[in-house]
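# Report on the structure
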Amino acid sequence: MAFELPPLPYAHDALGPYMSRETLEFHHDKHHLAYVTALNNLVKDTPLAGKSLEEVCKASFGDASKQAIFNNAGQHWNHALFWPAMKPNGGGAIPSELESRLKSDFGSVDAFKEQFVQAGVGQFGSGWCWLVVDGGKLKVTKTPNGENPLVHGQHAILGCDVWEHSYYIDYRNRRADYLKAFVDNLVNWEFVAQKLAEAK
Ligand code: MN3
């Protein structure tokens, strides 16, 4: 069974003005699709064909002969988490259990948001910033390129794409403004809370 591009869980123009229709048309319909297409071509007729996306990520990470497979598998996994973690009119009230976990592990919701934005700003070049469950605690991390928390044994519950293709149409070089809009106006906190529940 080949990997497939998951449909966006909202209309392309639903995230404006924080993420435009044009960005989603390029980012989801072209960039994400290209990772899926490349991944299917790369694993075809190899022992990795038919494996789950998680298995392909773990089996290819850190293996120089499988770098291209990992790049595309990692990016497919990362984007599949990214799209449902946003919603129209997002970034509002945080479900109470998640909110109390953010407060206990970061001091406050604002302190979490600041760490998350700083992780994204501080990722030199392309990559991702994450909210993960690691050893029972919530932590903020960042990874380069297509790398993800999955291959480090962490459970990602939120990730933000800081590749330029994710923000350059709408924010040009203002990565920090994009990250602030993400945490304040785009995040689907109900989805993040659901991912936290699954991490237990
Ligand atoms: Mn991307």
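Note that the structure is predicted; figures quoted are calculated from it, not measured. (Residues numbered from 1 in each chain as written. Predicted model: local features only at pLDDT ≥ 70, side-chain atom pairs only at ≥ 80, totals over all residues. Heavy atoms only, no water.)

## What to know about the overall build of the protein
The condition that has to hold: A run of H or I in DSSP counts as a helix once it spans at least four residues, and a run of E counts as a strand once it spans at least two, with each numbered from the N terminus. The globule rule used here is 2.2 Å times the number of residues to the 0.38 power, and the radius of gyration it is set against is calculated over C-alpha atoms. Remark: exposure states derive from per-residue accessible area (1.4 Å probe, protein chains only) relative to the maximum for the residue type, with buried under 20%, exposed over 50%, and partly exposed in between. By the convention used here, residues are in contact when the closest approach between their heavy atoms is within 4.5 Å. Computed with the Shrake-Rupley method and a 1.4 Å probe, the accessible areas treat only the protein chains shown as cover for residues. Note that His is not counted, nor are the chain ends; the positive residues are Lys and Arg, and the negative ones are Asp and Glu. Think of each charge as sitting on NZ of Lys, CZ of Arg, CG of Asp or CD of Glu.
Per the secondary structure count, the protein includes 8 helices and 3 strands. When the helices and strands of the protein are listed from N to C terminus, the series reads α-α-α-α-α-β-β-β-α-α-α. Here the C-alpha radius of gyration of the protein, 16 Å, is about what a compact globule of 200 residues would show, namely 16 Å. Based on the C-alpha atoms only, the size of the protein along its principal axes is roughly 50 × 40 × 30 Å. Residues counted as buried form 48% of the 200 residues belonging to the protein. Once local pairs closer than 6 in sequence are excluded, the contacts in the protein between residues at least 24 apart make up 69%. Only carbon and sulfur atoms are counted for the fraction: they give 51% of the accessible area of the protein, which is about 9300 Å². Here the protein contributes 19 positive and 23 negative side-chain charges, whose respective centroids are spaced 3 Å apart.

## Let's talk about the domain arrangement of the protein
A common way to state how big an interface is: give the accessible area lost once the parts meet. How we decide: A domain assignment, automatic or from a database, supplies the domain bounds used here. As used here, buried area is the combined drop in accessible area, with a 1.4 Å probe, of two parts when they are placed together. When a carboxyl oxygen of Asp or Glu lies within 4 Å of a side-chain nitrogen of Lys or Arg, that pair is called a salt bridge. Residue type decides the class: Asp, Glu, Lys and Arg count as charged, Ala, Val, Leu, Ile, Met, Phe, Trp, Tyr, Cys and Pro as nonpolar, and the leftover types, Gly among them, as polar.
Domain assignment breaks the protein into domain 1 (21–85) and domain 2 (96–198). In this structure, domain 1 and domain 2 have C-alpha centres spaced 20 Å apart. The interface is formed by 20 residues belonging to domain 1 together with 27 residues belonging to domain 2. Of the roughly 2000 Å² buried where domain 1 meets domain 2, counting both sides, 69% is carbon and sulfur surface. At the surface where domain 1 touches domain 2, the tally comes to 0 salt bridges. Those elements that provide at least two residues to the side of domain 1 that touches domain 2 are helix 1 (21–43), helix 2 (53–60) and helix 3 (67–82). Looking at which element gives the most residues to the side of domain 1 that touches domain 2, the answer is helix 3, with 8 residues. Along the lines of polarity and charge, the residues of the side of domain 1 that touches domain 2 split into 10 nonpolar, 7 polar and 3 charged.

## Things to note about the sheet that holds strand 3 (residues 155–161)
Stated formally: When DSSP locates at least two bridges between a pair of strands, those strands are taken to pair. With axes taken as lines fitted to C-alpha atoms, and helix axes fitted only over the stretch in contact, angles between N-to-C directions fall between 0 and 180 degrees.
Overall, antiparallel pairing links the 3 strands, which are arranged 2-1-3 in an open sheet. The sheet is open, and its two borders are formed by strand 2 (137–144) and strand 3, each paired with just one other strand. This sheet shows a mean twist of 20° between the axes of neighbouring strands, independent of strand direction. In the packing of helix 5 (residues 109–122) onto the sheet, the strands contacted are strand 1 (127–134), strand 2 and strand 3, and the crossing angle to strand 2 comes to about 15°.

## Focus on the coordination of the manganese ion
The condition that has to hold: For Na, K and Ca the donor cut-off is 3.2 Å, and for all other metals it is 2.8 Å, counting N, O and S atoms only; because water is absent from this set, sites may look incomplete.
Looking at the metal site, the manganese ion is ligated by H27 (NE2), H79 (NE2), D161 (OD) and H165 (NE2), spaced 1.9 to 2.2 Å from it. Here the donor residues of the manganese ion share one chain and are spaced in sequence as H-x51-H-x81-D-x3-H. With a gap of 52 residues between them, H27 in helix 1 and H79 in helix 3 connect regions that are remote in the sequence.

## A look at the pairing of strand 2
Taken together, the 8 bridges between strand 1 and strand 2 define a ladder with antiparallel strand orientation. Each residue of the ladder has a partner; that of D134, found in strand 2, is K137. Between the antiparallel neighbours strand 1 and strand 2 lie 2 residues, among them G135 with a positive phi of about 60°.

## Structural notes on the nonpolar core
Just so we agree on the cut-off: Joining through side-chain atoms within 4.5 Å is the link that ties buried Ala, Val, Leu, Ile, Met, Phe, Trp, Tyr and Cys residues into a set, and such a set is a nonpolar core.
If you look at the biggest cluster of nonpolar residues, it comprises 60 residues, and the most contacted ones within it are L98, L158 and F182. Here this core spans two domains, and each of domain 1 (21–85) and domain 2 (96–198) adds at least three residues to it. Discounting residues that sit within four places of it in the chain, L158 has contacts with L81, A85, F112, F116, C129, W130, L131, F182, V187, W189 and V192.

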